[in-house]
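# Examination of the molecular architecture
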Amino acid sequence: MTTAPERFTVLQARRLALGALGFARGRPTGTVSAGHLRATIDRLGIFQIDSVNVLQRAHYLPLYSRLGPYDVEMLHRASSRAPRRLVEYWAHEAALLDVRLWPAFGFRRGDESRMWGGPKAVAREKPEFVSWVLEEVRRRGPLTARQIEEDLPRDRSHWGWNWSEGKQALEYLFYVGQVMAAGRTAQFERFYDLPDRVLPPEVAGQPDLPADAAHRVLVEHAARALGIGTAPCLRDYFRLAPAPTLQAIDELTESGVLVPATIDGWARPAWRHRDAVVPRRVRARALVSPFDPLVFERARLKQLFDFDYRIEIYVPAEKRVHGYYVLPFLLGDRLVARVDLKHDRATGRVLVLGAHAESHAPAHTAVELAAELDLLAGWLGASGVTVGERGDLAATLSAAVSARARARESGDTT
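Per chain, the residues get numbers from 1 upward, laid out in the order the sequence is written. For a predicted model such as this one, the threshold for reporting local features is a pLDDT of at least 70, and the threshold for listing and counting side-chain atom pairs is 80 or more; totals across whole chains, interfaces and linings nevertheless cover every residue. Excluding hydrogens and water, the side-chain figures rest on all heavy atoms present in the structure.

### A short note on the packing of aromatic side chains
Heads up, the rule is: Aromatic pairing here means that ring centres of Phe, Tyr or Trp (its six-membered ring) are within 6.5 Å. Orientation follows from the plane angle: under 30 degrees is stacked, over 60 is edge-to-face, and everything else is tilted. Each residue gets one of three labels from its accessible area relative to the maximum for its type: buried under 20%, exposed over 50%, partly exposed in between, using a 1.4 Å probe on protein chains only. We count a stretch as a helix when DSSP gives it H or I for four or more residues in a row; a strand needs E for two or more, and each element gets its number in order from the N terminus. The rule for a charge over a ring is simple: NZ of Lys or CZ of Arg within 6 Å of the ring centre, and within 35 degrees of the ring normal.
According to the stated counting rule, one finds 14 aromatic pairs in the structure shown. Consider the rings of Phe-105 and Phe-107, whose centres lie 6.4 Å apart with planes at 20°: the pair is stacked. Residue Phe-105 is classed as buried on the basis of its relative accessible area, which comes to 0%. Taking the relative accessible area as the measure of exposure, Phe-107 reaches 23% and is therefore partly exposed. Ring geometry for Phe-105 against Phe-238: centres 5.7 Å apart, planes inclined by 75°, an arrangement best described as edge-to-face. Taken together, the residues span a long stretch of sequence, with Phe-105 in the loop between strand 4 (93-98) and helix 5 (106-109) and Phe-238 in the loop between helix 13 (231-237) and helix 14 (242-254) at a distance of 133 residues. Phe-238 matches Phe-105 in its accessibility class, with the two residues each being buried. Counting every residue linked through ring pairs, the aromatic cluster contains Tyr-89, Trp-90, Trp-102, Phe-105, Phe-107, Trp-116, Phe-174, Tyr-175, Tyr-237, Phe-238 and Phe-296. For Arg-27, the ring lying beneath its charged end belongs to Tyr-64, and the centroid distance is 5.3 Å. Directly above the aromatic system of Phe-188 lies the positively charged group of Arg-57, at a separation of 4.0 Å from the ring centroid.

Here it is as structure tokens:
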């Protein structure tokens, strides 16, 4: 007998998703500990990496959104010192990945069809050169691409290489898993090393999972992280192909890990992870990174939050609607505003270059956002917040930020 799918309102599905993603319980009241970090790694599995550093690098922000101010050295230790809890790989985009998921990405490391031009071309046209680069890492690693290129043979005619091909060879080896990132320099360059010198022994000793088993692991993890989602939601989390994702959904449904569901107003069927529950209330207050799992899938974001969102980093300045580095502001169980932020390191201020309220934003949005910006500035080591004039929330936010600064000067910290 086939059981009818569970039915959820959009509000229920939204709260279910926020709970699964770690926004429902509130932030720790004391110091953020290694235990909090481990729990967030367990929950999300990935922290997307992006090179833009106008505010703070992307992989630091999901932890801040959920935990509040924390020591970023915890994340450095987890990803660059043995025994690592996080390793870099192409999971979603470039990301820090829960090291326990490494065996589940063997199918991707063995599939060069997804690899982009330069690294693939170097591997195809100059395999001897790629082998030499691998031997250099084996002999001298961990090494940066710059260190590899400085040691390239002076006789360029041997391989016909140019300076960029050293990096491309390393990127090929990184994609297929013959080298890994052992950490990053202060300039954000990868240190490359061999997998058995990066992975914890208990992970290095595991064989790669077969593709069907790997997809079950990854789809279940996506469902657990998201709480509820359609097939495109579950597929997007780790950028999986449609057919194996659907097969994994069928198998996980058959075993009871995924529970069929419908969401009012959604045309596509959905699935709830069996462990996901609807919180009675969500009291979140968080600025959310443009690269947070909450905003990965734009159609999902629109359906759950009625929030149209576009990352405008690569949009010409004159065509941007909301700004360059815009963070959604989560208050309770709604995304109520968006702010274009910059950490101006020269002046030591967090700059609000634009602030826009959603139509459903409550009256106290500016006050709550000012408090959150204060917290963010303290975490970044900035001296305060400066609000510009762009956006319909800017004037009210500026007044709220000024009121907080006056209260601080008078010693009123309530």
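### Some words on the sheet that holds strand 8 (residues 258-263)
How we decide: When DSSP finds at least two bridges between two strands, those strands are taken to pair. Every residue pair with non-hydrogen atoms within 4.5 Å of one another is taken to be in contact. Fitting a line to C-alpha atoms yields each axis, with helices limited to the stretch in contact; the angle taken between N-to-C directions then spans 0 to 180 degrees.
Strand order in the open sheet formed by 4 strands is 1-8-9-7, and the pairing between neighbours is mixed. Looking at which strands have only one partner, the edges of the open sheet turn out to be strand 1 (6-8) and strand 7 (228-229). Judged from the 2 bridges that link them, strand 7 and strand 9 (residues 270-273) form a sheet pairing that is antiparallel. Bridge pairing in strand 9 links Gly-229 to Trp-271. Along the sheet, helix 14 contacts strand 8 and strand 9; its crossing angle with strand 8, the most-contacted strand, is approximately 110°.

### Examining the side chain of Asp-98
Examined against the element boundaries, Asp-98 turns out to sit in strand 4. Contact partners of Asp-98, with chain neighbours within four places excluded, come to Ile-41, Asp-42, Gly-45, Arg-85 and Leu-86.

### Here's the deal with the pairing of strand 14 (residues 384-387)
Going by this rule: Orient the strands so they point away from the viewer; a crossover is then right-handed if the path from the first strand over the helix to the second runs clockwise.
Note: strand 13 (residues 349-357) against strand 14, 4 bridges, orientation parallel. Residue pairing in the sheet places Val-352 in a bridge with Val-387 of strand 14. Between the parallel elements strand 13 and strand 14, the chain passes through helix 16 (residues 365-380) in a crossover that is right-handed.

### Focus: the packing of helix 12 (residues 211-226) against helix 14
Note the following rule: Under this scheme an angle from 65 to 115 degrees is roughly perpendicular, one under 35 degrees roughly parallel, and one over 145 degrees roughly antiparallel; angles in between are oblique. When residues are sorted by character, Ala, Val, Leu, Ile, Met, Phe, Trp, Tyr, Cys and Pro go into the nonpolar class, Asp, Glu, Lys and Arg into the charged class, and all the rest, Gly among them, into the polar class.
The interhelical angle for the contact between helix 12 and helix 14, taken along N-to-C directions, is 75°, at an axis separation of 9 Å. As the angle between them shows, helix 12 and helix 14 are arranged roughly perpendicular. Along the contact surface, helix 12 presents Asp-212, His-215, Arg-216, Val-219 and Glu-220, while helix 14 presents Pro-244, Thr-245, Gln-247, Ala-248, Ile-249, Glu-251 and Leu-252. In terms of residue class, the contact of helix 12 with helix 14 is built from 5 nonpolar, 3 polar and 4 charged.

### Observations concerning the pattern of salt bridges
Close approach of charged atoms lets side chains of opposite charge pair. Selection criterion: Take a side-chain nitrogen of Lys or Arg and a carboxyl oxygen of Asp or Glu: if they are within 4 Å of each other, that pair is a salt bridge.
Going through the model one piece at a time under the given rule, you end up with 32 salt bridges. Between Arg-272 and Glu-6 there is a salt bridge, and its shortest N-O distance comes to 2.8 Å. Separated by 266 residues along the polypeptide, Arg-272 in strand 9 and Glu-6 in strand 1 bring together distant segments of the chain. Glu-6 sits in the partly exposed class, given a relative accessible area of 26%. Of the charged contacts, one joins Glu-73 and Arg-81 as a salt bridge, the two residues approaching to 4.0 Å between their closest N and O atoms.

### Quick word on unusual backbone geometry
Backbone torsion omega between Ala-82 and Pro-83 reads -10°, so that peptide bond is classified as cis. Here the phi dihedral of His-92 falls at roughly 65°; this positive angle occurs in a residue that is not glycine. Note on placement: His-92 falls in the loop between strand 3 (86-91) and strand 4. Using a relative accessible area of 6% as the deciding quantity, one classes His-92 as buried. The phi torsion at Asp-306 lies on the positive side, around 50°, for a residue other than glycine. Mapped onto the secondary structure, Asp-306 falls in the loop between helix 15 (298-305) and strand 11 (326-331).

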